[in-house]
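# Summary of structural features
Chain by chain, the residues run as shown.
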Amino acid sequence: MNSPLIQLLVLAGIAVFLILRLRSVLGTREGYEKPAIPVETSRRRTRDFEVIEGGPDLDVLDHAIENSDTAKALAAMKRTDRSFVVAEFLQGARGAYEMILMAFEKGDLASIRPFISDDVYDAFSDGVTAREAEGLKVDATFIGISDLGIHEATFDDVTKEGEIAVRFTGELTYLVRDRGGDIVEGSQTEIKRQKDVWTFARTLGSDDPNWILVATGG
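Residues numbered from 1 in each chain as written. Predicted model: local features only at pLDDT ≥ 70, side-chain atom pairs only at ≥ 80, totals over all residues. Heavy atoms only, no water.

Mapped onto the elements of the fold, S187 is located in strand 3 (residues 183-203). At 3.2 Å, the side chain of S187 and the backbone nitrogen of E190 are in polar contact. Excluding residues that lie within four positions of it along the chain, S187 makes contacts with T173, Y174 and L175. (Helix = DSSP H or I, 4+ residues; strand = E, 2+ residues; numbered from the N terminus. Polar contact = N/O pair within 3.5 Å; in protein donor to acceptor, adjacent residues only side chain to side chain. Contact = heavy atoms within 4.5 Å.)

Our next topic: the sheet that holds strand 1 (residues 137-155). Sheets are built from strands that pair by backbone hydrogen bonding, the pairs being arranged parallel or antiparallel. An order of 1-2-3-4 is seen for the four strands of this open sheet, with the pairing classed as antiparallel. The open sheet has two free edges, formed respectively by strand 1 and strand 4 (212-217), since each of these has just one partner strand. Mean inter-strand twist for the sheet, computed between neighbouring axes without regard to direction, equals 25°. Note: strand 3 against strand 4, five bridges, orientation antiparallel. Looking across to strand 4, one finds that W198 is bridged to T216. Strands strand 1, strand 2 (161-177), strand 3 and strand 4 of the sheet are contacted by helix 5 (residues 86-106), whose axis makes an angle of about 145° with strand 1. (Pairing = 2+ DSSP bridges. Axes fitted to C-alpha atoms, helices over the stretch in contact; angles between N-to-C directions.)

Per the counting criterion, the structure on display carries nine aromatic pairs. Pairing Y97 with F168 gives two aromatic rings, centres 4.3 Å apart and planes at 10°, and the pair type is stacked. Placement of Y97 in helix 5 and of F168 in strand 2 is noted, with a sequence separation of 71 residues between them. What makes F168 buried here is its relative accessible area of 1%. (Phe/Tyr/Trp six-rings, centres within 6.5 Å; stacked < 30°, edge-to-face > 60°. Buried < 20%, exposed > 50% of the residue type's maximum accessible area, 1.4 Å probe, protein only.)

Turning our eyes to something else, we now look at the packing of helix 5 against helix 6 (residues 118-133). In the contact formed by helix 5 and helix 6, the axes pass within 9 Å of each other and the chain directions differ by 35°. Of helix 6, the residues touching helix 5 (which contributes I100, F104, E105 and K106) are F124, V128 and R131. Of the residues that constitute the contact of helix 5 with helix 6, the class distribution is four nonpolar, no polar and three charged. (Nonpolar A, V, L, I, M, F, W, Y, C, P; charged D, E, K, R; others polar.)

Examined against the element boundaries, M77 turns out to sit in helix 4 (residues 69-80). When the C-alpha atoms of M77 and T203 are compared, they prove to be 9.3 Å apart, with 126 residues separating the residues in sequence. Ignoring sequence-local partners within four residues, the contact set of M77 consists of F84, A153, T154, F155, G162, E163, I164, L204 and W211.

Moving on, we come to the pattern of salt bridges. In the structure shown here, the tally under the stated rule is seven salt bridges. In this structure, K78 engages D57 in a salt bridge whose closest nitrogen and oxygen atoms are separated by 2.9 Å. Taken together, the residues K78 in helix 4 and D57 in the loop between helix 2 (39-48) and helix 3 (58-61) connect sequence positions 21 residues apart. For D81, the salt bridge is made with R202, and the minimal N-O distance between the two is 3.0 Å. Of this pair, D81 sits in the loop between helix 4 and helix 5 while R202 sits in strand 3, placing them 121 residues apart in sequence. The exposure class assigned to D81 is buried, which follows from its relative accessible area of 9%. Because the salt bridges share partners, they merge into one network encompassing D57, D59 and K78. (Salt bridge = Lys/Arg side-chain N within 4 Å of Asp/Glu carboxyl O.)

See below:
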């Protein structure tokens, strides 16, 4: 075997060895990956989004029109109770909607009694009683919420009570059976979209962090 061929084989062996070493250290990558953001760039972007004292509150303006009555009410709530965050409230409202709606459909009002006002409880109770008197049974499965947002908000500077009306578009499968088990409404496969406007109330700055459902509507 001549010398040039031997040198070529040696170089090829070294190249294979280096490739294997790199794969063991870096691993393999599949698909598209965004380039890493330099630390200084990341810090600079964070500073750009910081809300300075007296500047616009994006937590409010992301959910209400600037200078609207709703925006002013939300801002007043935040001044009264520093722990109040609009985005977090909406996340809680999302969970409350599913919990309360499904409890009503199942006729299980005891589990949601602490989270609804007396008026709402009485209305729900009347609905459940009328349904049972007709021998109707609801079979519902909650799918999700396709739309959620603040409809309006009010705040009383004297009592510190805030009310926030939230619009929901819930998606669920829904059917009603009679005493004989026959379907009289709805479908097992068709998704029903239900639009609601629910109003939650709370005294801002109080020790009780819970918002209570005080009104329902479409």
